[in-house]
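Now for the letters of each chain:
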Amino acid sequence: MTSMGDKAKVKARVGDIVFSRLARFSGIGILVILAAVAFFLFLQGLPALLPGADFVGKADNPLSYVAPYIFGTVYSSIIALLIATPLAVGIALYISHFADRRFSQVIGYIIDLLAAIPSVVFGLWGILILAPFLNPTYVWLSENLNWIPLFEGQVSATGRTMLTAGIVLAIMVLPIMSALIREVFLQTPRLHEEAALALGATRWEMIKMAVLPFGRPGIISSMMLGLGRALGETMAVALVLSPASIVNFALLTSQNSNTIAANIALDFPEAGGDYRSLLIATGLMLFLITMIVNMIARYVISRRAAFSGAN
Amino acid sequence: MSTRVDLKDLNVYYGNFLAVEGINMTIDPKSVTAFIGPSGCGKSTLIRTLNRMHEVIPGAYVTGELLMDGENLYKPEIDPVTVRRNVGMVFQRPNPFPTMSIRDNVIAGYKLNNNRMNKLEADDIAEKALRGANLWEEVKDRLQQPGSSLSGGQQQRLCIARAIAVEPEVILMDEPTSALDPISTQAIEDLAVELKKDYTVVIVTHNMQQASRISDMTAFFNIAGTGKPGKLIEYDKTETIFSNPKEKNTEDYVSGRFG
Amino acid sequence: MTTTAPIIDTSNTLPRRFSLFALGGSVAISLSVFILAGFTSEDGIPNFFGVGVLAFIFYMVISFIASRAVEGRRKAADRMVTGWVTAAFTLALVPLTSLIWTVFSNGLNRMDITFFTNSMRNVLGEGGGAYHAIIGTLELTGIATAIALPLGILTAIYLVEYGRGRLKNAVTFFIDVMTGIPSIVAGLFAFSLFLILFGPASAINGMAGAVSLAVLMTPVVTRATEEMLKIVPNELREASYALGVPKYLTILKVVIPTALAGIATGVIIAIARVIGETAPLLLAAGFTTSVNFNPLEEKMMTLPVFVYTSYAIQGTDAQSYVDRAWAGALTLMLIVMVLNLIARIISRIFSPKF
């Protein structure tokens, strides 16, 4: 019995050791890459945070420089979420519970198609098509409803406003959010749905009773996911938004708080010295913000055991 | 090509938990031995120690000796992988490799281990194994089709062919028919009885009638309570176990008073 | 004294065609409002989007009143929700249709041989093309895949087949972190890396761009491969072990072939995702008007950056720059859609059944 055994034993050992080491090495490589990302960015961004940094007039100090951009990043993403979430829930509901099976499959594919379109194409469409299209509406809003603080200010002549950017971002995160929520809705236990229907509930009442409560953690985590994506989005904002370095809540003007990412995209190629380090530092800040948002999302997912099946 | 199997003071652990305790028994060559007992009594755990599959689970180990033709398979120098090349196993649910054809499935034991052989040799081995598993006539015209294209019963016979193609000493069957319909079950049972002409067969079954139909010797296992280790209660000729058992525990089980 | 009522009482349901008629009526009313009030463009054509919105409002009001009166509160609520949900769905289709339509109709203007065979070298107005950008995109995406594929798949193998304990938890956690890296941060990283390693003269080149893409691709490939490896039933691994096949051969010859279709799908989708990334390439690979075949030297143009710069940095004839931008966008979109389609087809045809 050991005749075939000895030779094979030695060979197998070597193969197993080599391969498992390789796999392990790869895993460690991931950790190394991330450490490298953090390290190199920190190294490059450090000069901006030291006293005596010279920003060639572009900024007074790092904090006052980045504040409007942090505001712009968060503000535009929140607008995007406010628009995208109800739409995503509506679409997901439509596909999971209102449309008939075959039709909903096709629609699912089409919505996923939206997710595949690169952001620069969205940006182009946003600035050349959407902005001019929305402009008359903005003018109307500015003339008739400008007692609402959000609609104050000199209305933009081109439509390149915070609101337009928010809408484009919303359209961009919509497919991912609705795909996730759709999955969760489809996983609602049939038992609960049938119990509601057997009690004589209308379709909407059944959804209220069985589908929405089950899907709530999914909706929340998709919101976090969408938020994470919107926070990091660069090109669509860079093309659509008409930027200024101020904090501005107004939605319809051309003086909009830019986002960190778009600001880097616009200024980095020409920047040098300490100003470039400052931009890198803002990039690190963005990374930190998105990392926290993603971690919260994972936490919410992991808490609900019922949701883990949907993943 | 068949061996006597001796278990000496075998204890089976999952980490700190003792699952099966103090097994001492001898399994005769060229026979069918059935392991029976209620759920959780450790019979599946025990059969997996016979080809050192038990250790695949992290933290699982065995103390004691397992002798095949006098050689202790649990000696530190011995590689479990080698043991498994000499002891074949058939599982509860048929598991042919879905990316391989029927023929390739049969000779998988050679192919996966990079054993070079020319096409003629391979075809011969495949035919011999498929005949041995009573499957040749049904698949001889479609050997290139994927393994998963067969029915459940045929897939299980394919798995048996795969096991015997490498000419093991012992064949282990872990509840091979519990996922099959009655007709396929019948086919597998007939096959098991035929196989004992050339191999030592050990079969785990929760179906007592099956054990009484096909086995020569039967081992009855039981646990004292939940969380307690499984033990060998009685091991004797099948007729004795089912008509005239010595232990009351055994009699209660085979007459259906529990289980 | 006994009254016999029918078992199913239909006296309080609106007729089946009701929604259709209500919708038609609402559109008619809305159209007339727009035309009469003069909310039209110079040609006298009303803004269809506005007509749609107003029609929707009318429809909801009419349905609500009628349904409330005839069918009762609960049924009315059900109708309203159906209306909202359908509207949400239709609304989402509007930008998609608009976008695809615009990209196609505008992009087709420059879908000519010149566009695909010329770069922008010495071109300030008409003519020129995206040849240099297409070459760059193909090369850089290829290099990025060559890096991310082995790294991602091996990491997934580690996580599913070998990983245990603290290292595994750490790797899983950081793969999650990596999926969340904003693309521009990946670009900053690649730039910083090359700056520190090779000095300011060689900081921006094709390779840096490929590295930034690889950073973005690897976690996607890892996650997708992980999912596919987990789907392979454990029984197949056991069958292989029982035949005396060592672990590494089981992984290489049983697990991976079984998961292969899914892994291929995941890789193609990861490629589709990074091929459209602009920001990191803008920073790390730069902008140039000439063709450059060598990723190790000099900047390299890529398709998404081409689209962006064609619009944002214009020369003399603005319209031709815009035309080139649309043409580039169309090319990019077609590539991405074809990749997605291929991924789906592979998934459908080659997935093993078990």
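Residues numbered from 1 in each chain as written. Chains lettered and ligands numbered in written order. Predicted model: local features only at pLDDT ≥ 70, side-chain atom pairs only at ≥ 80, totals over all residues. Heavy atoms only, no water.

*Asks:* Give me the lowdown on the overall build of chain A, citing residues and values where you can.
*Replies:* A count of helices and strands for chain A gives 11 helices and two strands. Moving toward the C terminus, one meets the helices and strands of chain A in the order α-α-α-α-α-α-α-α-β-β-α-α-α. The globule rule puts the C-alpha radius of gyration for 311 residues at 19 Å, and the 25 Å found for chain A is more than 25% above it. Its C-alpha atoms give chain A principal-axis dimensions of roughly 90 × 70 × 30 Å. A total of 311 residues make up chain A; the buried ones form 54% of that total. When contacts within chain A are restricted to residue pairs at least 6 apart in sequence, long-range pairs at least 24 apart make up 78% of them. When the accessible surface of chain A is totalled, it reaches about 13,900 Å², and 66% of it is carbon and sulfur. Here chain A contributes 20 positively and 16 negatively charged side chains, and the mean placements of these two sets differ by 15 Å. (Helix = DSSP H or I, 4+ residues; strand = E, 2+ residues; numbered from the N terminus. Rg over C-alpha atoms; globule rule 2.2 N^0.38 Å. Buried < 20%, exposed > 50% of the residue type's maximum accessible area, 1.4 Å probe, protein only. Contact = heavy atoms within 4.5 Å. Areas by Shrake-Rupley, 256 points an atom, 1.4 Å probe, with all protein chains shown as cover. Lys, Arg positive; Asp, Glu negative; His and termini not counted. Charge placed at Lys NZ, Arg CZ, Asp CG, Glu CD.)

*Asks:* So what about the overall build of chain C? Which residues, and what values?
*Replies:* Per the secondary structure count, chain C includes 13 helices and zero strands. Helices and strands in chain C line up, N terminus first, as α-α-α-α-α-α-α-α-α-α-α-α-α. Taking 354 residues into account, the globule formula puts the C-alpha radius of gyration at 20 Å, and chain C, at 29 Å, lies well above it. Seen along its three principal axes, the alpha-carbon backbone of chain C occupies a region of about 90 × 70 × 35 Å. In chain C, of all internal contacts separated by at least 6 residues, the share reaching a separation of at least 24 is 72%. Accessible surface, chain C as shown: approximately 16,100 Å² in total, 67% of it carbon and sulfur. Here chain C contributes 23 positive and 19 negative side-chain charges, whose respective centroids are spaced 12 Å apart.

*Asks:* How would you sum up unusual backbone geometry? Please name residues and give values.
*Replies:* Residue and element names in this part refer to chain B. Of note in the backbone geometry, Lys30 takes a positive phi value of approximately 50 degrees without being a glycine. Positionally, Lys30 belongs in the loop between strand E2 (17-27) and strand E3 (32-36). Judged by its relative accessible area of 46%, Lys30 falls in the partly exposed class.

*Asks:* If you had to explain helix H7 (residues 152-165) of chain B to someone new, which residues and values would you point to?
*Replies:* Residue and element names in this part refer to chain B. For H7, with 14 residues, the first-to-last C-alpha span of 20 Å sits near the 20 Å given by 1.5 Å per residue. For H7, the tally of buried residues reaches 13 of 14 residues, placing the bulk of the element in the interior. Of the residues one or two after H7, Glu167 is the one with positive phi, at around 50 degrees. (Expected span 1.5 Å × (residues − 1).)

*Asks:* Describe in detail the interface of chain C and chain A, supporting the description with residues and values.
*Replies:* Contacts between chain C and chain A engage 78 residues on the former and 77 residues on the latter. Considering only the side of chain C, the residues that lose the most area to chain A are Phe89, Leu99 and Tyr308 of chain C, jointly responsible for 9% of the buried surface there. On inspection of chain C and its partner chain A, the count reaches one salt bridge. Arg74 of chain C is paired through a salt bridge with Glu205 of chain A; the nearest N and O atoms lie 2.8 Å apart. In this assembly, chain C and chain A are joined by nine residue pairs in polar contact (both at pLDDT 80 or more). Class assignment for the residues of the side of chain C that touches chain A results in 57 nonpolar, 14 polar and seven charged. (Buried area = accessible area lost by both parts, 1.4 Å probe. Salt bridge = Lys/Arg side-chain N within 4 Å of Asp/Glu carboxyl O. Polar contact = N/O pair within 3.5 Å; in protein donor to acceptor, adjacent residues only side chain to side chain. Nonpolar A, V, L, I, M, F, W, Y, C, P; charged D, E, K, R; others polar.)

*Asks:* Give a detailed account of the environment of Ile264 of chain A, specifying residues and quantitative values.
*Replies:* Assignment of secondary structure puts Ile264 of chain A in helix H9 (residues 260-267). Taking relative accessible area as the criterion, Ile264 of chain A reaches 0% and is therefore assigned buried. Along the backbone, Ile264 of chain A and Thr85 of chain A are 179 residues apart, and their C-alpha atoms lie at a distance of 28 Å. Filtering out sequence-adjacent residues up to four positions away, Ile264 of chain A remains in contact with Pro269, Leu279, Thr282 and Gly283 of chain A together with Ile184, Leu188 and Leu283 of chain C.

*Asks:* Talk me through the side chain of Ser178 of chain A; I want residue IDs and the actual numbers.
*Replies:* Positionally, Ser178 of chain A belongs in helix H5 (residues 162-186). What Ser178 of chain A contacts, discounting residues up to four positions off in sequence, is Ala88, Ile91, Ala92 and Ile111 of chain A.

*Asks:* Provide a residue-level description of a nonpolar patch on the surface, including the pertinent values.
*Replies:* Side chains of Phe133 of chain A together with Phe49, Val53, Ile57, Val61, Phe64, Ile65, Leu91 and Val94 of chain C sit close together on the surface and give an oily, nonpolar patch of about 740 Å² of accessible area. Of all the secondary-structure elements, those providing two or more residues to the nonpolar patch are helix H2 (48-71) and helix H3 (73-107) of chain C. Per-element tally for the nonpolar patch: the top contributor is H2 of chain C, with six residues. Exposure remark for Ile65 of chain C: the relative accessible area of 55% places this residue in the exposed category. (Patch = residues over 30% accessible without salt bridge, like charges linked within 9 Å, V, L, I, M, F, W, Y side chains within 5 Å.)

*Asks:* With reference to specific residues and values, describe the packing of helix H5 (residues 119-132) of chain B against H7 of chain B.
*Replies:* Residues and elements named next belong to chain B. Interhelical geometry of H5 versus H7 gives an angle of 125 degrees and a closest axis separation of 8 Å. What the angle tells us is that H5 and H7 run oblique. H7 is crossed by H5, and the crossing has right-handed handedness. Across from Ile125, Ala129, Leu130 and Gly132 in H5, the residues of H7 making contact are Leu158, Ala161, Ile164 and Ala165. Per-class residue counts for the contact of H5 with H7 are seven nonpolar, one polar and no charged. (Axes fitted to C-alpha atoms, helices over the stretch in contact; angles between N-to-C directions. Parallel < 35°, antiparallel > 145°, perpendicular 65-115°, else oblique. Left-handed = near helix turned anticlockwise from the far one by under 90°.)

*Asks:* Got a sec to walk through the packing of aromatic side chains? Specific residues and values, please.
*Replies:* Within the structure shown, the criterion is met by 19 aromatic pairs over all chains. Joined through ring pairs, the aromatic side chains of Phe39 and Phe40 of chain A together with Phe189 of chain C make up one cluster. Here the guanidinium or amino end of Arg162 of chain B rests over the ring plane of Phe97 of chain B, the centre of that ring lying 4.7 Å away. (Phe/Tyr/Trp six-rings, centres within 6.5 Å; stacked < 30°, edge-to-face > 60°. Lys NZ or Arg CZ within 6 Å of the ring centre and 35° of its normal.)

*Asks:* Could you give an account of the confidence of the model for chain C, naming the residues involved and the relevant values?
*Replies:* Here chain C averages 86 in pLDDT, and 94% of its residues register 70 or above. Here the complex is predicted with pTM 0.85, and the ipTM for its interfaces comes to 0.88. (pLDDT = per-residue confidence, 0-100.)

*Asks:* Hey, could you go over the confidence of the model for chain A for me, with residue numbers and the actual values?
*Replies:* Residues and elements named next belong to chain A. In this model, chain A carries a mean pLDDT of 85, and residues with pLDDT of at least 70 account for 94%. Contacts for the low-pLDDT stretch residues 1-8, under 50 throughout, to residues beyond four places or in other chains number seven contacts. Across residues 305-311 the pLDDT falls below 50, and counting only partners more than four positions away or on other chains, this stretch makes 11 contacts in the model.

*Asks:* If you had to explain the pairing of strand E9 (residues 217-223) of chain B to someone new, which residues and values would you point to?
*Replies:* Residue and element names in this part refer to chain B. The buried count for E9 comes to six of seven residues, which makes it a mostly enclosed element. Sheet topology note: the E3/E9 ladder contains four bridges and is parallel. Residue Ala34 lies in a different strand from E9, and its bridge partner there is Thr218. Hairpin connection between E9 and strand E10 (residues 230-237): a loop of six residues separates the two successive antiparallel strands, and Gly227 in this loop has a positive phi of roughly 90 degrees. (Pairing = 2+ DSSP bridges.)

*Asks:* Now, about the environment of Arg103 of chain B: what can you tell me, with residues and values included?
*Replies:* Residues and elements named next belong to chain B. Tracing the backbone through its elements, the reader meets Arg103 in helix H3 (residues 102-106). Placed 89 residues apart in sequence, Arg103 and Ala192 show a C-alpha to C-alpha distance of 21 Å. With sequence-adjacent residues up to four places away left out, Arg103 is seen in contact with Lys119, Ala122, Asp123, Ala126, Leu143 and Gln144. Among the polar contacts listed, one links the side chain of Arg103 to the side chain of Asp104, at a separation of 2.9 Å.

*Asks:* Now, about the pattern of salt bridges: what can you tell me, with residues and values included?
*Replies:* Across all of its chains, the model carries 31 salt bridges over all chains by this definition. With a closest N to O distance of 3.1 Å, Asp112 of chain C and Arg110 of chain C form a salt bridge. Residue Arg110 of chain C is classed as buried on the basis of its relative accessible area of 10%. One salt bridge in this structure joins Arg237 of chain C and Glu161 of chain C, with 2.7 Å as the shortest N-O distance. Placement of Arg237 of chain C in helix H9 (residues 234-242) and of Glu161 of chain C in helix H5 (residues 131-162) is noted, with a sequence separation of 76 residues between them. With relative accessibility at 10%, the residue Glu161 of chain C sits in the buried group. Overlapping salt bridges bring together Arg103, Asp104, Lys111, Lys119 and Asp123 of chain B as one network.

*Asks:* Describe the nonpolar core, naming the residues involved and giving the relevant values.
*Replies:* Note on soluble globular proteins: their nonpolar side chains tend to be buried together. If you look at the biggest cluster of nonpolar residues, it comprises 231 residues, and the most contacted ones within it are Leu7 and Phe35 of chain B. By residue number, the principal contributor to this core is helix H2 (residues 62-98) of chain A, which donates 17 residues. Excluding residues that lie within four positions of it along the chain, Phe35 of chain B makes contacts with Met25, Ile27, Lys43, Leu46, Ile47, Val202, Ile203, Val204, Thr205, Ala219 and Phe221 of chain B. Ala163, Tyr199, Val201 and Met208 of chain B belong to the second largest nonpolar core, which has 42 residues in total. (Core = buried A, V, L, I, M, F, W, Y, C linked by side-chain atoms within 4.5 Å.)

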